[in-house]
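Residue-level structure breakdown
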Amino acid sequence: MTTRLSLMLAASSLLLATPALAEEEGLTPEKVAAIQRDEAAAQAKVNEEFGNRKPSEMSNAERGQSIRAQQKEGAKVMEKHGVSAKEFATFTARMTPEDNQRVANEAKRLDDKAKAEKEAEAKKRKGDGEVHIQQGFSDSDPVELESADGAEPSVDVDGSLDSTSTAGAPTVEIGDTAGTTKGMSRKSSKRRK
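Let us look at the structure shown here. The structure presented is a predicted model; accordingly, all values stated were derived computationally and were not measured. (Residues numbered from 1 in each chain as written. Predicted model: local features only at pLDDT ≥ 70, side-chain atom pairs only at ≥ 80, totals over all residues. Heavy atoms only, no water.)

Next up on the list: the overall build of the protein chain. Tallying secondary structure elements over the protein chain gives five helices and zero strands in all. For the protein chain, the proportion of contacts with a sequence separation of at least 24, taken over those separated by at least 6, is 71%. A total accessible area of about 17,000 Å² is found for the protein chain, and carbon and sulfur atoms account for 53% of it. (Helix = DSSP H or I, 4+ residues; strand = E, 2+ residues; numbered from the N terminus. Contact = heavy atoms within 4.5 Å. Areas by Shrake-Rupley, 256 points an atom, 1.4 Å probe, with all protein chains shown as cover.)

This is the structure in structure tokens:
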């Protein structure tokens, strides 16, 4: 009887210690939520690769490829978090209702955090929305390119660019502001046979 009793005690201690060991290794309801989120993203990526089609719409070969790709992505997620699929399944199967609530709260927090980061990135990319346009250089508002400390500002103006000199420039007539031109008429020419 003592052998049976010691075996039963050893077996029960292993069964009861499994969730405690899993938490010591870092598997918590919060980490479960992160793993589930990453798994869902990986599955969505695989589904997108296969055109978001239902399995019934795929051929047998495509369905097999899809399943293998999903398993491969799921294994990558587990490896990323340092957890085996068996440990994850065991831990999630033994979670209490309080743990399930913690997972749901953490999932909501992660979704809100991702949404806030996405909005911040979009706002950062968009900028302040104002575009400053400089109309050009003029004598009334000159732009100083180089200056020495204490020196008076000076602006060099190229004579060929001066707008006041019109020597040699062609004369351009500008029409009325209403857009009509005077003195021009259009005669209709019809041929009579």
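Back to the text.
The next point concerns the side chain of S66. Among the secondary structure elements, S66 is positioned in helix α3 (residues 60-81). Aside from chain neighbours lying at most four places away, what touches S66 is V46, F50 and M58.

Attention now goes to the nonpolar core. Among the nonpolar cores identified, the biggest contains twelve residues, and these are L27, V32, A33, I35, A42, V77, M78, V83, F88, F91, M95 and V103. Looking at this core, the elements with two or more residues in it are α2 (29-49), α3 and α4 (85-93). By residue number, the principal contributor to this core is α2, which donates four residues. Sequence-distant contacts of V32, defined by excluding residues within four places in its chain, comprise L27, F88, F91, T92, M95 and V103. (Core = buried A, V, L, I, M, F, W, Y, C linked by side-chain atoms within 4.5 Å. Buried < 20%, exposed > 50% of the residue type's maximum accessible area, 1.4 Å probe, protein only.)

Our next topic: the packing of α2 against α3. Close contact between α2 and α3 brings their axes to 9 Å; oriented N to C, the two are set at 150 degrees. In terms of their interaxial angle, α2 and α3 are classed as roughly antiparallel. Pair α2 / α3 crosses with right-handed handedness. Of the residues in α3, those touching α2 at K31, A34, I35, D38, E39, A42, Q43, K45, V46 and N47 are S66, A69, Q70, E73, G74, V77, M78, K80 and H81. (Axes fitted to C-alpha atoms, helices over the stretch in contact; angles between N-to-C directions. Parallel < 35°, antiparallel > 145°, perpendicular 65-115°, else oblique. Left-handed = near helix turned anticlockwise from the far one by under 90°.)

We note that N52 has phi near 50 degrees; this positive angle belongs to a residue other than glycine. Locating N52 in the fold gives a position in the loop between α2 and α3.

It is worth spelling out α2 at this point. The end-to-end C-alpha distance of α2 is 30 Å, a good match for the 30 Å that 21 residues give at a rise of 1.5 Å each. In the segment just after α2, G51 is the residue with positive phi, at about 75 degrees. (Expected span 1.5 Å × (residues − 1).)

This paragraph deals with the packing of α2 against α4. It is at 11 Å that the axes of α2 and α4 come closest, and there the two elements cross at 120 degrees. Judged by the inter-axis angle, α2 sits oblique to α4. The crossing of α2 and α4 is left-handed. Only F88, F91 and T92 of α4 make contact with α2, whose side of the interface consists of P29, V32, I35, Q36 and E39.

Looking now at the side chain of E73. Inspection of the secondary structure puts E73 in helix α3. When its relative accessible area of 15% is taken as the criterion, E73 is described as buried.

Attention now moves to the pattern of salt bridges. A complete count under the given rule lists eight salt bridges for this structure. In this structure, R37 and D111 form a salt bridge, with 2.2 Å as the shortest nitrogen-oxygen distance. Taken together, the residues span a long stretch of sequence, with R37 in helix α2 and D111 in helix α5 (residues 97-126) at a distance of 74 residues. Accessibility expressed as a relative area gives 32% for R37, which makes it partly exposed. Here D111 falls in the partly exposed class, since its relative accessible area comes to 40%. Of the charged contacts in the structure, one is a salt bridge between E62 and R53, with a shortest N-O distance of 3.1 Å. Judged by relative accessible area, E62 falls into the partly exposed class, the value being 26%. Exposure remark for R53: the relative accessible area of 31% places this residue in the partly exposed category. (Salt bridge = Lys/Arg side-chain N within 4 Å of Asp/Glu carboxyl O.)

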